[in-house]
Amino acid sequence: MSRSQTAQSPAPVTAPGRLAYVIDDDRDMRMSLRMLLQEDEIDARPFLSATDFLDALGELKPGPILLDVRMPVMDGIALLEALTERAIRWPVIMMTGHAEVPLAVKAMKLGAIDFLEKPFPHAELSSLMGRAFEILDEQAEEGGLADARERLDRLTPRERQILEAVAKGHSNKEIAQELDLSHRTVEMHRARMMRRLGARRLSDVIALVASAAR
Amino acid sequence: MGIRCLLYVSESCLSWPEDAAEVDRMVAVARHRNEQLSLTGALIYTRTHFAQVLEGDKAAIEEVMASIRADPRHRNLQVVADDPLEARYFPDWTMAYSGPSFYVDRQIRPLLNGATDPARSRRAAAGLLALMREFAAGGGGAPN
């Protein structure tokens, strides 16, 4: 087999969107975690320190955090506290050589989902990452629900009436007759209702109503 | 008569996801009964194991242990500490932790596999007790 063929072999494919943050001051640990996560088709974005992570936080999408306890300047517990203050509820998995009981319990009370003691079996990491992504999915669902309800609350009573009729599949003409309004007025309310809901298509409106009703 | 402290560990016979509701029922019954008998302590559940510490009169602990031993929701119950106690560590009886934590489970598991080395078992039991006290202190267990 020639060299060029080897070079062309495709890089391991990771599922889109499965991204975890690794915060550890130990370079070898960051590397090995990256490789372990890759085997589970999870991309790892490494950070050398808790402060680096906090600096980048604004541009990050929600993801599981693998967090080393012992780090200079800002340790893992301090970062957990900082995340709690910022109301960030992304699943955090703590890592350390040996977790003293009070430290482990403190981290878990601060919301960490578990404590990995190095060296840990790959299966334990995989299982925890699976749980972390489940938690994120649940949070996204809750967030979508709250968001849908909040947007529906912005509608005027008239817009709500029109929304209900639209969701039932009634045409503008039918709605105008039902509510004893002119066709133009219905069109106007309907356009404003869509704008307030941030919906571009009828299917967006129906999805929104469905998710708020759950 | 002085009070005692008993710690046991056991394997859960419950399966996910029905276990959550079952454990809730168990806790409701235990809380009421333990209050009647002036028993304090804590229970933890890790989806695979239980651990419970009970503090109080010997007779009350024995009465509760008889029913706990007969409970089909767990098996392989092992008493890992049973000692006289000068003062209670737990102000009441609580569910200290319920969830899937590997870390918490690791504090229980070594105590179930036979007491090969008594000194080691005692250390493990002391560690588990410390964990339960820490969870029960200041505002109860973890959210999950």
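First things first, this report covers the structure right here in the doc. For clarity, every value in this text was computed on a predicted model and none was experimentally measured.

## Some remarks on the sheet that holds strand S2 (residues 43–47) of chain A
Residues and elements named next belong to chain A.
Then, in step 1: Overall, parallel pairing links the five strands, which are arranged S2-S1-S3-S4-S5 in an open sheet. Strands with a single pairing partner mark the edges of an open sheet, and in this sheet they are S2 and strand S5 (114–117). Between one strand axis and the next, the sheet turns by 25° as a mean value, whatever way the strands run.
Then, in step 2: Of the strand pairs in this sheet, strand S1 (residues 19–23) and strand S3 (residues 65–68) are connected by three bridges, and their pairing is parallel. Counterpart to Ile23 in the pairing with S3 is Leu67.
Then, in step 3: Packing of helix H2 (residues 27–39) onto the sheet brings it into contact with S1, S2, S3 and strand S4 (92–96), and relative to S2 it is tilted by some 165°.

## Quick look at the packing of aromatic side chains
Residue and element names in this part refer to chain A.
Then, in step 1: According to the stated counting rule, one finds seven aromatic pairs over all chains in the structure shown.
Then, in step 2: Members of the aromatic cluster, connected to one another through ring pairs, are Tyr21, Phe47, Phe53 and Trp90.
Then, in step 3: The ring centre of Phe133 lies 4.6 Å from the NZ or CZ of Arg18, which sits over that ring.

## Considering the sheet that holds strand S2 (residues 40–45) of chain B
Residues and elements named next belong to chain B.
Then, in step 1: Spatially, the five strands line up as an open sheet ordered S4-S1-S3-S2-S5, and their pairing is mixed. Of all strands in the sheet, those with a lone pairing partner are strand S4 (74–85) and strand S5 (93–98), marking the two edges. Between one strand axis and the next, the sheet turns through 15° on average, direction left out of account.
Then, in step 2: Relative to S5, S2 is paired through five bridges, and the arrangement is parallel. Across the sheet, the residue bridging to Gly41 is Trp93, located in S5.

## Some details on the packing of helix H8 (residues 172–179) of chain A against helix H9 (residues 183–197) of chain A
Two packed helices can be described by the angle between their axes and the distance between those axes.
All names here are of chain A.
Then, in step 1: As a packed pair, H8 and H9 sit with axes 9 Å apart at the nearest point and diverge in direction by 110°. The orientation of H8 relative to H9 falls into the category roughly perpendicular. Contacts from Asn172, Lys173, Ile175 and Ala176 of H8 reach H9 at His183, Val186, Glu187 and Arg190.

## Thoughts on the pattern of salt bridges
Residues and elements named next belong to chain B.
Then, in step 1: What the rule picks out here adds up to 19 salt bridges over all chains.
Then, in step 2: Taking the shortest distance from any N to any O, the salt bridge between Arg4 and Asp82 comes out at 3.1 Å. Of this pair, Arg4 sits in strand S1 (residues 3–12) while Asp82 sits in strand S4, and the two are 78 residues apart along the sequence.
Then, in step 3: Of the charged contacts, one joins Arg73 and Glu22 as a salt bridge, the two residues approaching to 2.9 Å between their closest N and O atoms. Here Glu22 lies in helix H1 (residues 19–36) and Arg73 lies in the loop between helix H2 (58–69) and S4, a separation of 51 residues in the sequence.

About the thresholds
Residues numbered from 1 in each chain as written. Chains lettered and ligands numbered in written order. Predicted model: local features only at pLDDT ≥ 70, side-chain atom pairs only at ≥ 80, totals over all residues. Heavy atoms only, no water. Pairing = 2+ DSSP bridges. Helix = DSSP H or I, 4+ residues; strand = E, 2+ residues; numbered from the N terminus. Axes fitted to C-alpha atoms, helices over the stretch in contact; angles between N-to-C directions. Contact = heavy atoms within 4.5 Å. Phe/Tyr/Trp six-rings, centres within 6.5 Å; stacked < 30°, edge-to-face > 60°. Lys NZ or Arg CZ within 6 Å of the ring centre and 35° of its normal. Parallel < 35°, antiparallel > 145°, perpendicular 65-115°, else oblique. Salt bridge = Lys/Arg side-chain N within 4 Å of Asp/Glu carboxyl O.

Function cannot be inferred from these measures alone, as they are strictly geometric.
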